[in-house]
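Okay, here's what each chain looks like letter by letter:
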Amino acid sequence: MIQNKIEITGGVYLVGKIDDRDVPFHRLILTKGTTYNSYLIDSELPTVIDTVDISFAREYVEGLKKHLDPATIKYIVINHVEPDHSGALPALAAQAKNAVIVCTELAADELKKMYRLHDHEFLIIMDGEILDIGDKTLKFYETPYLHTEETMITFLEEDRILFPCDIFSTHLANTEYFNDAAKGDIREDYSIYYKLIMHPHRRHVKEMLGKIGKLDIQMIAPSHGFILRDNVDEYIDLYKEMSQETGVGKKAVIIYSSMTGNTKKIAKQLKESLELDGIKTNLLDMNSIEEDIIIESVKESDLLLMGSSTKYADMTGKTEEIVKKIIELDLQGKVGGAFGSYGWSGEGIEVLQDYLLKSNMDVLTTSEIIKTTGVNDVQFPLRIQFLPEDETAQIIKRTTNYISGILLNAS
Ligand code: FEO
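Note that the coordinates shown come from a computational prediction; the quantities given were computed from them, not determined experimentally.

**A closer look at the overall build of the protein**
Thought 1: For the protein, the helix and strand inventory stands at 13 helices and 24 strands.
Thought 2: With respect to the three principal axes, the spread of C-alpha positions in the protein is 75 × 45 × 35 Å.
Thought 3: Sorting the 411 residues of the protein into buried and exposed places 58% on the buried side.
Thought 4: In the protein, of all internal contacts separated by at least 6 residues, the share reaching a separation of at least 24 is 70%.
Thought 5: Of the accessible surface of the protein, which amounts to about 17,500 Å², a share of 47% is contributed by carbon and sulfur atoms.
Thought 6: One finds the centroid of the 44 positive side-chain charges in the protein at a distance of 3 Å from the centroid of its 66 negative side-chain charges.

Encoded structure:
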């Protein structure tokens, strides 16, 4: 069912789609459905904020035509390219022939390739830029990785409405539109959404909160679920609280074998970075620490990171001997991963990872990280060529930030 035009404040309308099916989404099934909230700002230069899922494109455009002539639309703002929000753009752009598509540079590149919109006019937005839409003003902030890299959010200054697309959303096929009209407390669904979609990107959540902290927000109009117009600060504070949550109280052990000292340096940096997130971390050189101590530490830990340098295309020191014993343990519920510095090809790190994958713990792999969270800038096994200092610090920060987030859910 396409929503009727719902006025959310003077001259600003909700024109989206309620999807009450079991919706497949990122390998989940949204059993409570969802909504695809699009907004129409009926200003002197009419502006559409985001569209709806590609499955409902024609229906959406026909619905919109009941409210205005698409040829009069001046701007179509695309905050986020995923097809549940940009999916109806080609159908809309085909009729809104005078509209300029407003988005980030990366989004423009993606939209042109996805929808063959090369002939359409784009306006590329930089962080903090303002767009005059006649009697109203839009301000944009780049919010990368919330939910994907090209994402931005839009603030309607005069009405103090934030359009954050996926951020502050809830997956519910609600027909009450506003949080103060909800039949029950939506905070649990709101928090579940945060944990599934946003928390893997929590360092970006913190950056986003810093940006919107300067805004006087009266209403949040996200692209899924309820519009938040009651207790708005409470919902923002929930993001603040949840984005601070890490694996505090969890234990980690980092075991390494280092040939030239670089893998040891990575191990030490991983420890320091994990401990900043409240994860008590034991650092053990497997070539000098007794095996029994290593095994006991592994049994007591929630996280096992195991590192080896590479020599003649293989692991070094006692790595093979130790890892063979570790993977025989019951590691159910633990999280593990391989790392190491290397000079040429780094085969030893891959061999170590292969061993860890034979265990019954959850082994971090690039593929699983991408498939389960969409995070594409954390790699496992963590392979670092030599030790470029500046880059390494950033890589390790990203890595431990991700790990401490997922340890929250480790049993
Ligand atoms: Fe609602 Fe990232 O899509």
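**So, the packing of aromatic side chains**
Note on aromatic pairs: each is described by the distance of the centres and the angle between the planes.
Thought 1: Within the structure shown, the criterion is met by 7 aromatic pairs.
Thought 2: A ring pair is formed by Tyr39 and Phe163, whose centres lie 5.1 Å apart and whose planes are at 55°; its orientation type is tilted. Of the two residues, Tyr39 is situated in strand 7 (residues 39-41) and Phe163 in strand 15 (residues 161-163); the sequence distance between them amounts to 124 residues.
Thought 3: Taking the relative accessible area as the measure of exposure, Phe163 reaches 1% and is therefore buried.

**Digging into the sheet that holds strand 14 (residues 152-156)**
Thought 1: With mixed pairing, 5 strands are arranged side by side in an open sheet as 12-13-14-15-16. What marks the edges here is a single partner per strand, and that holds for strand 12 (130-132) and strand 16 (219-220).
Thought 2: The pairing of strand 12 with strand 13 (residues 137-142) spans 3 bridges and is classified as antiparallel. Across the sheet, the residue bridging to Asp132 is Thr137, located in strand 13.

**Some thoughts on helix 12 (residues 366-373)**
Thought 1: For helix 12, the complete set of buried residues consists of Thr366, Ile369 and Thr373. Taken end-on, helix 12 shows its buried residues confined to a sector of 75°, consistent with a single buried face.
Thought 2: Backbone geometry just downstream of helix 12 places Gly374 in the positive-phi region, at approximately 80°.

**Considerations on the packing of helix 9 (residues 291-300) against helix 10 (residues 319-326)**
Thought 1: At a closest axis distance of 11 Å, the pairing of helix 9 and helix 10 adopts a crossing angle of 45°. Between helix 9 and helix 10, the angle is such that the two are oblique. Remark: the crossing between helix 9 and helix 10 carries right-handed chirality. For the pair helix 9 and helix 10, contact is made by Glu291, Ile294, Ile295 and Val298 and by Glu321, Ile322, Lys325 and Ile326, respectively.
Thought 2: Taken together, the residues that form the contact of helix 9 with helix 10 break down as 5 nonpolar, no polar and 3 charged.

**Quick notes on the side chain of Asp277**
Thought 1: Along the chain, the position of Asp277 falls in the loop between helix 8 (262-276) and strand 18 (280-285).
Thought 2: A distance of 3.3 Å separates the side chain of Asp277 from the side chain of Arg202, its partner in a polar contact.
Thought 3: With residues near it in sequence (within four places) discarded, Asp277 still touches Arg202, Thr246, Gly247, Val248, Thr400, Asn401 and Ser404.

**Notes on helix 9**
Thought 1: Those residues of helix 9 that sit buried are Ile294, Ile295, Ser297 and Val298. The buried residues of helix 9 occupy an angular sector of 160° when the element is viewed end-on, so they sit on one face. Of the exposed residues in helix 9, the ones pointing more than 90 degrees away from its buried face are Asp292 and Glu300.
Thought 2: As for helix 9, its buried residues are in contact with strand 17 (251-257), strand 18, strand 19 (303-308) and helix 10.

**Re the pattern of salt bridges**
Thought 1: Applying the stated criterion across every chain yields a total of 21 salt bridges.
Thought 2: Ionic pairing is found between Arg160 and Asp216, a salt bridge with its closest N-O pair at 3.3 Å. Here Arg160 is found in the loop between strand 14 and strand 15, whereas its partner Asp216 is found in the loop between helix 6 (202-212) and strand 16, with 56 residues between them in sequence.
Thought 3: On the accessibility criterion, Arg160 (29% relative accessible area) is partly exposed.
Thought 4: Between Arg398 and Asp377 there is a salt bridge, with its nearest N and O atoms 3.8 Å apart. Here the residue Arg398 occupies a position in helix 13 (residues 389-407), and Asp377 occupies one in the loop between helix 12 and strand 24 (382-385), the gap between them amounting to 21 residues.
Thought 5: On the basis of relative accessibility, which here comes to 24%, the residue Arg398 falls in the partly exposed class.

**Structural notes on the environment of Gly343**
Thought 1: With respect to the element layout, Gly343 can be found in the loop between strand 22 (335-342) and helix 11 (347-356).
Thought 2: Residue Gly343 is classed as buried on the basis of its relative accessible area, which comes to 15%.
Thought 3: Sequence separation between Gly343 and Thr246 is 97 residues; the distance between their C-alpha atoms is 33 Å.
Thought 4: Apart from residues lying up to four places away in sequence, Gly343 is in contact with Gln385 and Phe386.

About the cut-offs
Residues numbered from 1 in each chain as written. Predicted model: local features only at pLDDT ≥ 70, side-chain atom pairs only at ≥ 80, totals over all residues. Heavy atoms only, no water. Helix = DSSP H or I, 4+ residues; strand = E, 2+ residues; numbered from the N terminus. Buried < 20%, exposed > 50% of the residue type's maximum accessible area, 1.4 Å probe, protein only. Contact = heavy atoms within 4.5 Å. Areas by Shrake-Rupley, 256 points an atom, 1.4 Å probe, with all protein chains shown as cover. Lys, Arg positive; Asp, Glu negative; His and termini not counted. Charge placed at Lys NZ, Arg CZ, Asp CG, Glu CD. Phe/Tyr/Trp six-rings, centres within 6.5 Å; stacked < 30°, edge-to-face > 60°. Pairing = 2+ DSSP bridges. Arc of directions from axis to C-beta. Axes fitted to C-alpha atoms, helices over the stretch in contact; angles between N-to-C directions. Parallel < 35°, antiparallel > 145°, perpendicular 65-115°, else oblique. Left-handed = near helix turned anticlockwise from the far one by under 90°. Nonpolar A, V, L, I, M, F, W, Y, C, P; charged D, E, K, R; others polar. Polar contact = N/O pair within 3.5 Å; in protein donor to acceptor, adjacent residues only side chain to side chain. Salt bridge = Lys/Arg side-chain N within 4 Å of Asp/Glu carboxyl O.

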